[in-house]
Amino acid sequence: MKNIVVLISGNGSNLQAIIDACKHKKINGTVRAVFSNKADAFGLERAQEAGIPAHSLEAGQFTSRDAFDRQLIQEIDAYVPDVVVLAGYMRILSPAFVAHYAGRLLNIHPSLLPKYPGLHTHRQVLENGDEEHGTSVHFVTDELDGGPVILQAKVPVFDGDSEDDVTARVQAQEHAIYPLVVSWFIDGRLKMHDNAAWLDGNRLSPQGYAADHD
């Protein structure tokens with residue numbers, strides 16, 4: 001059984017989707033541990049309810065970003081992860097951290113990358129009058145939200161939508177596609193090389209798998 005470690009900062013709804021997928025054998029792996037950079041993150045309670053070790057490491061305990069990440073690497077590696085999954089982890093990772101887990105570090109971002117990297121994506125979509133929005137699962141590289149895209153899901157944006165409306169629509173898609181991508185990785189179907197995502201030996205397009213199979 002492959003080992004999954006999940007990093008969160010908040011509610012942990014994508015963490016829950018992954019826990020549920022493991023429980024229902026949709027992912028042939030086990031979430032071995034959950035780490036948060038916020039001690040009050042609700043996702044830690046989700047982990048505890050599922051009987052998963054839950055840890056918090058807060059930046060204030062460390063003198064530098066590198067010191068924080070060194071400790072985080074040490075604690076993650078105690079669980080011998082096959083993949084490290086960022087699920088709403090709101091902290092920029094150091095190059096040393098990214099390099100340590102290169103090719104086995106996944107993230108989900110609430111936009112159709114490369115549009116809207118960074119924060120407040122739903123607000124930007126509404127302010128710009130976009131008719132389409134979505135979410136992207138990608139490998140993590142040193143470029144913020146810039147690693148190779150694996151899979152995207154699109155949602156419509158309607159006149160009169162609030163930020164909450166858009167958030168809910170995007171999250172429903174996230175909870176479907178993130179466990180799917182994790183399962184591909186765990187099953188050995190998904191890899192990163194030549195700064196691209198590859199599925200079943202095929203190089204994916206810059207927009208990921210969905211773009212190839214519309």
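Look above for the structure.
Just so you know, these numbers come straight off a predicted model, no measurement behind them. (Residues numbered from 1 in each chain as written. Predicted model: local features only at pLDDT ≥ 70, side-chain atom pairs only at ≥ 80, totals over all residues. Heavy atoms only, no water.)

1. Notes on the pairing of strand 5 (residues 105-109)
Part 1 of the reasoning: Within strand 5, five of the five residues are buried, leaving the element largely enclosed by the surrounding structure.
Part 2 of the reasoning: Because side chains alternate across strand 5, one face comprises the buried residues Leu105, Asn107 and His109, and the other comprises Leu106 and Ile108, equally buried.
Part 3 of the reasoning: Pairing between strand 4 (residues 83-86) and strand 5: three bridges, direction parallel. By the bridge assignment for strand 5, Leu86 is matched with Asn107.
Part 4 of the reasoning: Note on the crossover from strand 4 through helix 4 (residues 95-100) to strand 5: the handedness is right-handed. (Buried < 20%, exposed > 50% of the residue type's maximum accessible area, 1.4 Å probe, protein only. Helix = DSSP H or I, 4+ residues; strand = E, 2+ residues; numbered from the N terminus. Pairing = 2+ DSSP bridges. Right-handed = clockwise from strand over helix to strand, strands pointing away.)

2. A look at the sheet that holds strand 8 (residues 190-193)
Part 1 of the reasoning: As summarised here, the arrangement of the three strands in space is 8-9-10, forming an open sheet in which the pairing is antiparallel. Two strands lie at the open edges of the sheet, namely strand 8 and strand 10 (202-203), each paired on one side alone.
Part 2 of the reasoning: Taken together, the four bridges between strand 8 and strand 9 (residues 196-199) define a ladder with antiparallel strand orientation. Among the inter-strand pairings, Lys191 is bridged to a residue of strand 9, identified as Trp198.

3. Regarding the pattern of salt bridges
Part 1 of the reasoning: Summed over all chains, the structure comprises four salt bridges.
Part 2 of the reasoning: The residue Glu163 makes a salt bridge to Arg123 at a minimum N-O spacing of 3.5 Å. One end of the pair, Glu163, is in helix 6 (residues 163-186); the other, Arg123, is in helix 5 (residues 121-127), with 40 residues separating them in the sequence.
Part 3 of the reasoning: In this structure Glu163 comes out as partly exposed when scored by relative accessible area, which is 31%.
Part 4 of the reasoning: Between Arg169 and Asp161 there is a salt bridge, and its shortest N-O distance comes to 2.8 Å.
Part 5 of the reasoning: Among the residues examined, Arg169 registers a relative accessible area of 22% and is labelled partly exposed.
Part 6 of the reasoning: Asp161 sits in the buried class, given a relative accessible area of 15%. (Salt bridge = Lys/Arg side-chain N within 4 Å of Asp/Glu carboxyl O.)

4. Some thoughts on the sheet that holds strand 2 (residues 29-36)
In a beta sheet, neighbouring strands pair by backbone hydrogen bonds and run either parallel or antiparallel.
Part 1 of the reasoning: Reading across from one edge, 3-2-1-4-5-6-7 is the order of the seven strands in this open sheet, with mixed pairing throughout. Of all strands in the sheet, those bounded by a partner on one side alone are strand 3 (54-56) and strand 7 (149-156). Across the sheet, the mean angle from the axis of one strand to that of its neighbour is 20 degrees, orientation sign disregarded.
Part 2 of the reasoning: Looking at chain direction, strand 6 (residues 132-139) and strand 7 are connected through seven bridges and run antiparallel. Of the residues in strand 7, the one forming a bridge with Val137 is Leu151.
Part 3 of the reasoning: Those strands touched by helix 1 (residues 13-23) are strand 1 (2-8), strand 2, strand 4 and strand 5, and its axis lies near 160 degrees from that of strand 2. (Axes fitted to C-alpha atoms, helices over the stretch in contact; angles between N-to-C directions. Contact = heavy atoms within 4.5 Å.)

In short, shape yes, function no, at least from these values alone.
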